[in-house]
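Summary of the model geometry
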Amino acid sequence: MRVKSNKPDLAEGDLTPMIDMTFQLIAFFMVLINFSQTESNERVVLPSSQLVKPPEAPLDFPIILHVAQDGEIILGGESYTTETLSTGLRRELAVMRAEKKSASDANVIIRGHQDVAAGEIQEIIRVAQENELERFALRAKEDRS
Amino acid sequence: MKMRHPVEREKNELNMTSMIDIVFLLLVFFVMTFKIVEMEGDFSIRMPLAGSGGATSDVTDLPLKLRLRADNQGRLTSMSLNEINLGNDFDQLRANVISLVGTDAPAEGEEGPEIEIDTDYNLRYAYVIQAITAVSGYRDETDQVVKLIERIKFAKPRR
């Protein structure tokens, strides 16, 4: 005699390909994720240049200054003007001196907005020079067109 | 009558739900934090405070002077290199630099030609970078960078 089972038929889909794909996507994003967000600022649109290339080695003792379109300077997450920038630079230099390095070893990376007044950049360089900084890097984005 | 149950194979199935939940959370995290980073590079400028470096004694060591003028909106109106008017054509600027310094590779460090950029205060920074690009070099047919002037400095800001 045939006895029918009362168990409902469970329509189980095969999840293996989906999990495979999901893991591949995760691996892709993990490899490409950039944690060095401190080097960028959403308020700064860099000017472009056909000559610049990504540096082969990171600059020594970088001091990164973001310059927004209105001339506001962002250093280490804090806002400065050209009048108050010395305070922020002195703080950075104090950290360097604690590591037995002089101001001339530092590299000031200026990430200026493409539409900021050029005079603001000159003022920043002047203030940095007054704090004995002498190496500057004007950052631009690579233009491959 | 003896009834025989069909032999049910015991399935040892793992419960995948929690793993898939976490995997999707990870996926959402990476998708949301993903940002396409543009390739960036630097123009290096060594500019000690005036007077701290060696004084320029030889007239031939005087830097080339590039003057950039702007209108009220910060657009470039004219350029002049050593008083030679160039309009606002960066190709002409590069051609003049080549005629003045040649295409020989510039000496590294403190040697080699130098240029001083004197710009109106309100000129947009993008024009300055274009000018620096024009005087620094160019890409030849084989996409190799030919360097022209590596020593660049700024004049005092004009208020």
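This is a predicted model, so every value here is computed, not measured. For every chain, the first residue of its written sequence is number 1, and the numbers climb from 1 along that sequence. All chains are assigned letters beginning with A, and all ligands numbers beginning with 1, in the order in which they are written. Where totals are concerned, whole chains, interfaces and linings use all residues; where local detail is concerned, this predicted model gives features only for residues with pLDDT of at least 70, and gives and counts side-chain atom pairs only at 80 or more.

Let's talk about the overall build of chain B
Numbering goes from the N terminus for both helices and strands, where a helix is a DSSP run of H or I of at least four residues and a strand is a run of E of at least two. Per the secondary structure count, chain B includes three helices and eight strands. Ordered by position in the sequence, the α and β elements of chain B form the string α-β-β-β-β-α-β-α-β-β-β. Residues with at least 20 neighbouring C-beta atoms inside 10 Å of their own are called buried, those with 12 or fewer are called exposed, and the rest are partly exposed, where every C-beta is derived from the backbone. Burial statistics for chain B: of 159 residues in total, 25% are counted as buried. Here the contact rule is simple: place C-beta atoms from the backbone, and any two residues whose C-beta atoms are within 7 Å are in contact. Contacts in chain B between residues far apart in sequence, at least 24 positions, make up 60% of those at least 6 positions apart.

Things to note about the nonpolar core
For this entry, the nonpolar core is defined as buried Ala, Val, Leu, Ile, Met, Phe, Trp, Tyr and Cys residues connected by C-beta atoms within 7 Å. Among the nonpolar cores identified, the biggest contains 56 residues, and Ile110 and Ile124 of chain A together with Leu68, Val128, Ala131 and Val135 of chain B are the most heavily contacted of them. Here this core gets nine residues from one element, more than from any other, and that element is helix H3 (residues 125-136) of chain B.

Digging into the packing of helix H2 (residues 90-101) of chain B against H3 of chain B
All names here are of chain B. Relative to each other, H2 and H3 sit at 35 degrees, their axes nearing to 8 Å. For the crossing formed where H2 meets H3, the hand is right-handed. Seen from H2, the contacting residues are Phe90, Leu93, Arg94 and Val97; seen from H3, they are Gln130, Ala131, Ala134 and Val135. As a working rule, the residues Ala, Val, Leu, Ile, Met, Phe, Trp, Tyr, Cys and Pro are called nonpolar, Asp, Glu, Lys and Arg charged, and the rest polar, with Gly in that last group. Broken down by class, the residue content of the contact of H2 with H3 amounts to six nonpolar, one polar and one charged. To get an axis, a line is fitted to the C-alpha atoms, and for a helix only the part in contact is used. The angle between two axes follows their N-to-C directions and goes from 0 to 180 degrees. Two helices crossing with the near one rotated counterclockwise from the far one by less than a right angle form a left-handed crossing, whereas a clockwise rotation gives a right-handed crossing.

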